[in-house]
Amino acid sequence: MSVDEYDPMIERLFAKTTPLPDEALFAAELAVRMEKRSRWRTLALTAAGVVGGGVAVREVVQFNFKSGAHQASSLSDSVRAVAATAQGATQSGLDGLGIGSFDLMSGSGMMAFWIVAGALFALLAAGAVKLSQDV
Amino acid sequence: MKQSLREMHDVELAAQAAAGGRREYGELVRRHGSAVRGLLRRMGAAPSLADDVAQDAFLQGFQRCAEFRGQGTFAGWIKKIAARLYLKRVAREARYVEEVETDDAQISVDTAGLMDLDEALKTLNETERVCVTLCHGAGMAHPEIAAAMNLPLGTVKSHVKRGLDKLRARLSPAQTSGGRSTYVG
């Protein structure tokens, strides 16, 4: 602000605030909006995380298990048993969600896995950015 | 002993809000809600739009609270967010074209002396009003206003100067007789 624009009277007038009569209503509405957005944000991020994590775990376990079958010496029986159990649990969980029949390893192997993982990560990032912009 | 919200300084409240404190942020809203809404109304927003934009600004402020580190006032910080949001809304409607003086308001001198700022602002055209309000109400510098309104810097300066001259004339009739008025601060 240049010197000739500075005007104490105008500054004072602009600084004066008259409390609006519906101040409390405004604050209450805002609190409701904050609560609602926070709930949606939590829900969306949790859902995306669960689905993404589930798919990623399934693919990793499946990959380890399959590669383990070709290289029997590299995995002990107990580790394989744990992997199989985890795979079974993940598979049943994904079946429950209706996405258990995807077989990303059948096509171009790891490439498919990384594409899906990348897409999920991009989706999550986009969702997070969008949500933070909205809120 | 835990300090009550009303006793806490804005900076403390903002710091706690940045950590997710909604009650603390609610106190900031209570303190500055009217000022932000008033600013938007002075910029020319209808009351419902002003409230809507003010709510968006406070929501955005909550997300970005960590960015406020007490340099300047919280009121100034949140007002800038609100003003920018309002300008974005208005820009979507393409209302701020570089306008030639469309309604060179007839300044009738108020013989009673000082009058209400809000009334005086109505004598400015839309762009002048927004520029003056951003400058003096939201504390934005000319280059910031130019960037936010997508107007050349010189144009913003002219709008602010013309707007201020009109306001001075309107608010202090006694000083309008000799053309441009000067003030000793």
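Because the structure is a prediction, the values reported are computed rather than measured. (Residues numbered from 1 in each chain as written. Chains lettered and ligands numbered in written order. Predicted model: local features only at pLDDT ≥ 70, side-chain atom pairs only at ≥ 80, totals over all residues. Heavy atoms only, no water.)

Along chain A, the regular secondary structure elements total 4 helices and 0 strands. Start at the N end of chain A and walk to the C end: the helices and strands fall as α-α-α-α. Restricting the contact set of chain A to residue pairs at least 6 apart, pairs at least 24 apart contribute 73%. (Helix = DSSP H or I, 4+ residues; strand = E, 2+ residues; numbered from the N terminus. Contact = heavy atoms within 4.5 Å.)

Turning next to unusual backbone geometry. Residue and element names in this part refer to chain B. In this structure, N150 takes a positive phi of about 55 degrees despite not being glycine. Of note, N150 is situated in the loop between α7 (142–149) and α8 (153–171). Classification of N150 as exposed rests on a relative accessible area of 69%. (Buried < 20%, exposed > 50% of the residue type's maximum accessible area, 1.4 Å probe, protein only.)

This part takes up helix α6 (residues 126–137) of chain B. Burial analysis of α6 of chain B places 11 of its 12 residues in the buried class, which makes it a mostly covered element. Along α6 of chain B, the residues classified as buried are T127, E128, R129, V130, C131, V132, T133, L134, C135, H136 and G137 of chain B. For α6 of chain B, the secondary structure elements touched by its buried residues are α1 (8–15) of chain A together with α2 (22–42), α4 (74–92), α5 (117–121), α7 and α8 of chain B. Two or three places before T127 of chain B, at the start of α6 of chain B, stands the capping residue N125 of chain B, its side-chain oxygen 3.1 Å from that residue's backbone nitrogen. The first or second residue beyond α6 of chain B is G139 of chain B, which carries a positive phi of 70 degrees. (Polar contact = N/O pair within 3.5 Å; in protein donor to acceptor, adjacent residues only side chain to side chain.)

Turning next to the environment of A66 of chain B. Residue and element names in this part refer to chain B. Relative to the helices and strands, A66 resides in the loop between α3 (47–63) and α4. When its relative accessible area of 51% is taken as the criterion, A66 is described as exposed. A C-alpha to C-alpha distance of 8.1 Å links A66 and A17, two positions 49 residues apart in sequence.

On to the interface of chain B and chain A. Between chain B and chain A, the contact holds 38 residues from the first and 30 residues from the second. When the two sides are added together, the surface that chain B and chain A hide from each other amounts to roughly 3100 Å², 61% of it contributed by carbon and sulfur. Taken as a group, Q55, L59 and H136 of chain B account for 22% of the area that chain B buries against chain A, more than any other trio of residues on that side. Where chain B touches chain A, the interface holds 10 residue pairs in polar contact (both at pLDDT 80 or more). For the side of chain B that touches chain A, the secondary structure elements donating two or more residues are α2, α3, α5, α6 and α8 of chain B. (Buried area = accessible area lost by both parts, 1.4 Å probe.)

On to the layout of surface pockets. Residue and element names in this part refer to chain B. Counted as a void, the largest pocket has a volume near 410 Å³. Together, 18 residues line the largest pocket, and G38, L39, R41, R42 and D118 are the ones closest to its centre. Those elements giving two or more residues to the lining of the largest pocket turn out to be α2, α5 and α6. The element best represented in the lining of the largest pocket is α2, accounting for 6 residues. Each residue belonging to the lining of the largest pocket can be placed in one class, and the counts come to 5 nonpolar, 6 polar and 7 charged. Each of domain 1 (5–96) and domain 2 (114–184) accounts for three or more of the residues forming the lining of the largest pocket. (1 Å grid on protein atoms, 1.4 Å probe; cavity = no way out; pocket = protein on both sides within 12 Å on 5 of 7 lines; lining within 4 Å. Points joined across faces, edges and corners; volume = space filled by probe spheres on them. Nonpolar A, V, L, I, M, F, W, Y, C, P; charged D, E, K, R; others polar. Domains from an automatic or database assignment.)

Turning our attention to the confidence of the model for chain B. Residues and elements named next belong to chain B. When the pLDDT values of chain B are averaged, the result is 81; 80% of them are 70 or greater. Mean pLDDT values for the elements of chain B range from 87 in α5 up to 94 in α3. With pLDDT under 50 throughout, residues 99–114 is counted as low confidence; its partners more than four residues away or in other chains account for 28 contacts. Counted against residues more than four places away or in other chains, residues 175–185, with its pLDDT under 50, gives 15 contacts. Per the prediction output, this complex has pTM 0.63; the corresponding ipTM is 0.71. (pLDDT = per-residue confidence, 0-100.)

All names here are of chain B. Relative to the assigned elements, D10 resides in helix α1 (residues 10–18). Owing to a relative accessible area of 13%, D10 belongs among the buried residues under this scheme. For D10, the side chain forms a polar contact with the side chain of R31, separated by 2.7 Å. Dropping the residues within four chain positions of it, D10 is found in contact with L28, R31, H32 and F74.

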